[in-house]
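Analysis of the macromolecular model
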Amino acid sequence: MGELRLRKVIGARYYNSFGVAKVSESNGSSTLMSSPRDTVGHGSHTASTAAGSIVHNASYYGLGLGAARGGSPTSRLAIYKACSEEGCSGADLLKGIDDAVRDGVDIISISIGISSVFQMDFVSDPIAIGAFHATQRGVLVVCSGGNDGPFPFSVVNSAPWIFTVGASTIDRDFQSTVVLRNGQTFQGSAISFSKLNRSRLWPLVFAGDIPVSPSSREEARNCYPGSLNAAKAARKIVVCLEDDPIVTRKVKKLVVESLGAKGMIFVDQQSKSSALDAGDFPFIEVNSSVGNQILAYINSTSRDSDLFLCPLLRIVGNDRKPRASILTSVGVPGVRPAPVVAYFSSRGPGGLTQSILKPDVVAPGVNILASVIPTNMTGQVPAGKKASMFAIKSGTSMACPHVTGAAASIKAAHPHWTSSMIKSALMTTASTINNIGKQVTNTSGMSATPLDAGSGEIHPTRALDPGLVYETHPHDHFDFLCYYGYSHAQISSISGTNYSCPSNSSEILISNLNYPSISISKLQRQNFTTRRASRTLTNVGPSVDAIYTVTVEAPNSLSVEVTPQKLIFSANATRLSYDAEFTVKGAETGYQFGSITWSDGAHIPI
């Protein structure tokens, strides 16, 4: 293990098309950007999540204490630093991917993505182009799906040759406690190393009550920069709302902290599930139900204040001096239900085509502990402590390397499997059931759909033995480009080949790509009442002789017929095909979901 740690990183490259360098204040050097070293902690966090060696007693200043390890701790890492604090150059991204392929990597993990508002088409997006080249050469490319959720059409990196990953929670949370003078206590999400305690309570004030001219009460209650009266906020715990989320909670925390406040209670009407790292500053994030009770407590001393999140809230109590304290954060294990699709995780369908279901899967991406480059950033290091070698971060950037690590473990167990076989194994064995035995939900408590979670939460152990897999080949992706409507010149440009498109190319044929999920777009009575999708399965189970039977779950408004209903594999028939015919039989509109399950009694590819 010692030798592995010394040789964990076996190569590193950096790219700097911007031609700029960050000057070190200590010695005036300009080497940070002219180096593959991580400067912000993002790359080291994702790399260690994918393939970090086992580290015992790892924690973030005591939070998350335990053994930390990457998804594939025996794998090696090659690092390609294509981004800087100034952004990511498309040329650098392409160069990095191409270099990785030439260096002989098995899997490329990319925790990068453009905003869904600005996403480019498949032949213009440097990540899509680079991933296309990598996939054609047998390299699996895993990408984060974006953090623009929970809005539909927000998923990015959605090309069919990319393994697109959304984020989910784990069964651990980090919480602080707010203590009110009237004896009430409430828990909320936070990573805060508060030095406050129960024995001394501080004045509690609602931000909407302390605006500074010319700011409005609405701006003040949302803690806009420059909206609060500094004298009235100093040495008090300030309650801020997010009924106008233009300003992020991190900025609001900095606004309140800069005024000399003793702490901040952030009332979020939508639980975001990821804890904000507030450093030493006392901070807690509570939901609207708890927020209403805290505001009612404050309102009990000022009946004419505009404090309500809910107009039906009844004023209670008679404490004329509202005071509170915010305690330091603690880890809370055994959270139920889990996983939950993260609020921020970008949702499908894909903005470029609805005939490929995206995201493909979800994986842990909320409050993830992993190693980072130590930083002495002000406010992030508790007083008297050294900079931590670990950090707790959230995002689909954190979910992506979980899938990368799982894929690397599968590749180690099955070195001859192609990238599409590994992708299929992880998708068809993914779980849609949480730790209380019910359907995985989103943060609103509603059942997550495939547009939220794709095929579900990855199950790496089960994926080692999927039974059957869906394989795709280079020509399948060429056909996709043809079906999508690209010209011969455009396809030649991205592929570097003189590929001729099928004569019957049409967008509706995209659903025939041998993908591990099926998505039928525009299936309506007035357009296409019946559509057919074909798939081919490859037997990779322990027995060459296997019989699989099909089970179909379909919504009431749709008829789904699969033929044949039984697949009989043998030494002479390792690859077998089936057709699924979809027919509209009801007037129900919108997205409908179901499943096609093949089982031999032991393996259940879905």
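Everything numeric here is computed off the predicted structure, so don't read it as measured data.

1. Side note on the overall build of the protein
Looking only at helices and strands, the protein features 14 helices and 31 strands. A compact globule built from 606 residues would reach a C-alpha radius of gyration of about 25 Å, and the protein, at 26 Å, matches this within 12%. Overall, the protein is about 80 × 65 × 45 Å in size when its C-alpha atoms are taken along their principal axes. A total of 606 residues make up the protein; the buried ones form 52% of that total. Nonlocal contacts in the protein, meaning residues at least 24 apart in sequence, comprise 71% of its contacts between residues at least 6 apart. With the model as given, the accessible surface of the protein reaches about 26,900 Å², and the carbon-plus-sulfur share is 52%. Of the charged side chains in the protein, 51 are positive and 44 negative, and the gap between their average positions amounts to 9 Å.

2. Focus on the nonpolar core
Counting residues in each nonpolar core, the largest one holds 68 residues, and the members touching the most others are I108, W161, V403 and L426. Residue contributions to this core peak at seven residues, all from helix α9 (residues 396-413). Setting aside chain neighbours within four positions, we find W161 in contact with F122, A128, A131, F132, T135, V141, K423, H477, F480 and L481. Counting 21 residues, the second-largest nonpolar core is a separate cluster that includes V178, L241, V267 and I298.

3. A word on the pattern of salt bridges
In the structure shown here, the tally under the stated rule is 14 salt bridges. For R221, the salt bridge goes to E218, with nearest N and O atoms at 4.0 Å. One end of the pair, R221, and the other, E218, are both in helix α5 (residues 217-221), three residues apart, so they sit about a helical turn from each other. A relative accessible area of 5% places R221 in the buried class. E218 sits in the partly exposed class, given a relative accessible area of 45%.

4. Details of the state of the cysteines
This structure, assessed with the given rule, holds three disulfides. Shown here is the disulfide that connects C223 with C240, its sulfur atoms set 1.9 Å apart. Handedness here is read from the sign of the S-S torsion; for C223 and C240, about -80 degrees, the answer is left-handed. Of this pair, C223 sits in the loop between α5 and α6 (230-233) while C240 sits in strand β14 (residues 237-241); the two residues are 17 residues apart in sequence, bridging distant segments of the chain.

5. A few points about the sheet that holds strand β27 (residues 546-553)
Read from one edge to the other, the open sheet built from three strands follows the order β29-β27-β31, with strand pairing classed as antiparallel. Either end of the sheet is taken by a strand with one partner, and the two such strands are β29 (566-569) and β31 (595-599). On average, each strand axis in the sheet is tilted by 20 degrees relative to the strand beside it, whichever way the strands run. In the sheet, β27 pairs with β31 via five bridges, with the strands oriented antiparallel. From the neighbouring strand, T551 faces β31, where its bridge partner is T597.

6. Describing helix α10 (residues 419-428)
Across the ten residues of α10, ten count as buried, placing the element largely inside the fold. Listed as buried for α10 are S419, S420, M421, I422, K423, S424, A425, L426, M427 and T428.

7. Description of the packing of helix α3 (residues 90-103) against helix α4 (residues 126-136)
α4 packs onto α3 with a crossing angle of 15 degrees between their chain directions and a minimal axis gap of 9 Å. One finds that α3 runs roughly parallel with respect to α4. The crossing of α3 and α4 is right-handed. Contact with α3, carried on its side by G90, L93, L94, I97, D98 and V101, involves P126, I127, I129, G130, A131, H133 and A134 of α4 and no other residues of that element. When the residues that make up the contact of α3 with α4 are grouped by side-chain class, the tally is nine nonpolar, three polar and one charged.

8. Notes on the environment of Y60
Structurally, Y60 can be placed in strand β2 (residues 55-60). Classification of Y60 by relative accessible area gives buried; the value is 5%. Expressed as a C-alpha distance, the spacing of Y60 and S519, which sit 459 residues apart in the sequence, is 42 Å. What Y60 contacts, discounting residues up to four positions off in sequence, is I191, F193, D277, L369, Q380, S388, F390, A391 and I392. Engagement of the side chain of Y60 in a polar contact is seen with the side chain of D277, the distance being 2.5 Å.

Rules used throughout
- Residues numbered from 1 in each chain as written.
- Predicted model: local features only at pLDDT ≥ 70, side-chain atom pairs only at ≥ 80, totals over all residues.
- Heavy atoms only, no water.
- Helix = DSSP H or I, 4+ residues; strand = E, 2+ residues; numbered from the N terminus.
- Rg over C-alpha atoms; globule rule 2.2 N^0.38 Å.
- Buried < 20%, exposed > 50% of the residue type's maximum accessible area, 1.4 Å probe, protein only.
- Contact = heavy atoms within 4.5 Å.
- Areas by Shrake-Rupley, 256 points an atom, 1.4 Å probe, with all protein chains shown as cover.
- Lys, Arg positive; Asp, Glu negative; His and termini not counted.
- Charge placed at Lys NZ, Arg CZ, Asp CG, Glu CD.
- Core = buried A, V, L, I, M, F, W, Y, C linked by side-chain atoms within 4.5 Å.
- Salt bridge = Lys/Arg side-chain N within 4 Å of Asp/Glu carboxyl O.
- Disulfide = S-S within 2.5 Å.
- Pairing = 2+ DSSP bridges.
- Axes fitted to C-alpha atoms, helices over the stretch in contact; angles between N-to-C directions.
- Parallel < 35°, antiparallel > 145°, perpendicular 65-115°, else oblique.
- Left-handed = near helix turned anticlockwise from the far one by under 90°.
- Nonpolar A, V, L, I, M, F, W, Y, C, P; charged D, E, K, R; others polar.
- Polar contact = N/O pair within 3.5 Å; in protein donor to acceptor, adjacent residues only side chain to side chain.

Remember that the coordinates give geometry; whether it matters functionally is a separate question.
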